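# Reading the structure
Now for the letters of each chain:
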Amino acid sequence: MIELKHITKIFHTQKGDIEACHDVNLTIQNGEIFGVIGYSGAGKSTLVRIINQLEKQTSGEVVIDGEDISQLSPQALRQKRMKIGMIFQHFNLLWSRTVKRNIELPLEIAGIDKEIREKKTKELIELVGLQGRENAYPSELSGGQKQRVGIARALANDPTILLCDEATSALDPDTTEQILDLLKKINKQLGITIVMITHQMEVVQKVCHRIAVMSDGQVVEEGHVKDIFEHPKHMITRRFVRDISSKVTDDQLNENLKTIYPNGILLRLTFDEDIARQPIVSKVIKGTDLDISIVSGNLTNTIDSSFGILIINVLGGNQEQYDHIIQVFKNYQVNVEVI
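Residues numbered from 1 in each chain as written. Predicted model: local features only at pLDDT ≥ 70, side-chain atom pairs only at ≥ 80, totals over all residues. Heavy atoms only, no water.

Moving on, we get to helix α4 (residues 114-128). Between the first and last C-alpha of α4 there are 21 Å, a value that for 15 residues agrees with the 21 Å anticipated at 1.5 Å per step. Those residues of α4 that fall on the buried side of the exposure criterion are Arg117, Lys120, Thr121, Leu124, Ile125, Leu127 and Val128. Take α4 and look down its axis: the buried residues cluster within an arc of 155°, on one side only. Exposed side of α4, more than 90 degrees from the buried face: Glu115, Lys119 and Lys122 are the residues found there. In the stretch just after α4, Gly129 is the one whose phi turns positive, near 75°. (Helix = DSSP H or I, 4+ residues; strand = E, 2+ residues; numbered from the N terminus. Expected span 1.5 Å × (residues − 1). Buried < 20%, exposed > 50% of the residue type's maximum accessible area, 1.4 Å probe, protein only. Arc of directions from axis to C-beta.)

Moving on, we come to helix α5 (residues 143-154). With 12 residues, α5 ought to run about 16 Å at 1.5 Å a step, and its terminal C-alpha atoms sit 17 Å apart, in line with that. Of all 12 residues in α5, 10 are buried; the element is thus mostly enclosed. Looking at α5, one finds that the buried residues are Gly144, Lys146, Gln147, Arg148, Val149, Gly150, Ile151, Ala152, Arg153 and Ala154.

Moving on: the pairing of strand β7 (residues 161-165). Among the 5 residues that make up β7, 5 are buried, leaving the element largely enclosed by the rest of the structure. Taking every second residue as pointing to the same face, both faces of β7 are buried, with Ile161, Leu163 and Asp165 on one and Leu162 and Cys164 on the other. By the bridge criterion, 5 bridges tie β7 to strand β8 (residues 193-198) in an arrangement that is parallel. If you follow Leu163 over to β8, its bridge partner there is Val195. Since β7 and β8 lie parallel, the crossover through helix α6 (residues 173-190) that links them has a hand, and here it is right-handed. (Pairing = 2+ DSSP bridges. Right-handed = clockwise from strand over helix to strand, strands pointing away.)

Here the focus is the state of the cysteines. In total, this model carries 0 disulfides according to the counting rule given. We note that Cys21 lacks a disulfide partner, and the nearest cysteine sulfur, in Cys164, lies 18 Å from it. The class of Cys21 is buried, set by a relative accessible area of 0%. Not part of a disulfide, Cys164 finds its nearest cysteine sulfur in Cys208, a span of 9.2 Å. Cys164 gets classed as buried once you look at its relative accessible area, which sits at 0%. (Disulfide = S-S within 2.5 Å.)

Per the counting criterion, the structure on display carries 1 aromatic pair. Considering the side-chain rings of Tyr39 and Phe240, the 4.2 Å spacing of their centres and the 15° angle between planes classify their relative orientation as stacked. Within this pair, whereas Tyr39 is found in the loop between β3 (33-37) and α1 (44-51), its partner Phe240 is found in helix α9 (residues 235-243), the two being separated by 201 residues in sequence. By relative accessible area, Tyr39 is classed as partly exposed at 28%. A relative accessible area of 2% means that Phe240 is categorised as buried. (Phe/Tyr/Trp six-rings, centres within 6.5 Å; stacked < 30°, edge-to-face > 60°.)

Once that is clear, we can look at the packing of helix α3 (residues 99-109) against α5. When two helices pack together, you describe them by how their axes are tilted relative to each other and by the distance separating the axes. Look at α3 against α5: their axes get within 8 Å of each other, and the N-to-C directions meet at 30°. Taken together, the axis directions place α3 and α5 in an arrangement best described as roughly parallel. Relative to α5, the crossing made by α3 is right-handed. Each of Val99, Asn102, Ile103 and Pro106 in α3 lies in contact with α5, whose residues at this interface are Val149, Ala152 and Arg153. For the contact of α3 with α5, the per-class residue count stands at 5 nonpolar, 1 polar and 1 charged. (Axes fitted to C-alpha atoms, helices over the stretch in contact; angles between N-to-C directions. Parallel < 35°, antiparallel > 145°, perpendicular 65-115°, else oblique. Left-handed = near helix turned anticlockwise from the far one by under 90°. Contact = heavy atoms within 4.5 Å. Nonpolar A, V, L, I, M, F, W, Y, C, P; charged D, E, K, R; others polar.)

Moving on, we get to the sheet that holds β8. The mixed open sheet is built from 6 strands, whose spatial order is β6-β7-β8-β3-β9-β10. Whereas interior strands pair on both sides, the edge strands pair on one side only; in this sheet they are β6 (84-88) and β10 (218-224). Shown here is a sheet whose adjacent strand axes are inclined to one another by a mean of 15°, direction ignored. Pairing between strand β9 (residues 210-215) and β10: 6 bridges, direction antiparallel. Residue Val213 lies in a different strand from β10, and its bridge partner there is Glu221. The sheet contacts of α1 involve β3, β6, β7, β8 and β9, and relative to β8 the element is tilted by about 155°. In the packing of α6 onto the sheet, the strands contacted are β3, β6, β7 and β8, and the crossing angle to β8 comes to about 155°.

Read these as geometric descriptors, not functional statements.
See the structure below:
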């Protein structure tokens, strides 16, 4: 288990102090895929480097499996880091080494016997799907293949934790999908705890069990992916959720809808997986004299669930009737937002 307790990080620069992280508290359970999402400058990359102590916090504790690693001696910390793998946005491969020798590097540094190194490297090449490319150099690989090498290298010392710092940001959508599938496979097959740092909501949607949303160095929201998607509370979180289906801001989207549908009321309905299977809208329409039209709808899938969002326009009533319709939807356990 990873516990971040009251983590604050201040960078002292010529232009003044910059607080990259402010009183961050997070608990990441063994074996889960945990996402940390935020826009550029939110402090998420600093936070992930604090987890393996590549960056030292100004104050606070980093506790892994009950041990405060920020208090370890340099030698003990080096040993601890061997069990914390890390993959990067731009791969960080050695261009003069082949795929096989890049993956072998951490084992060489650890002084592992050549025979064991070769056996382990072969297993990792098979795990990440690079059979036949063992003797290729990084310049001969695609972006996805380079990242597979990076993942294999990060797994060389059998880590219990894998840190992914924007690991898919440099990849095209199809390759991103493949790398995320690989990370899910590694999590399930090896039971490794994965911490994903990203600014892409699609990434946490597809692979993460829980997420923390960061803004200006602080965690502004945290929870299970399903709950965050269905009921985003903070403005930043709502923007991330809406960005999946729309490239305009919340306010722009709402104003556009109100311009197109100036009469009646607009409702955004959120259905969880079980509720979505029921003919709720049909039942509501049959039980009212008001006109209800569907404006838009979509279904979103997360790693362990799915939910739907439906925007409807209700016409022909007064405020009392509109309030009644809203209550009827709520009685069916539908989350209702008036646009």
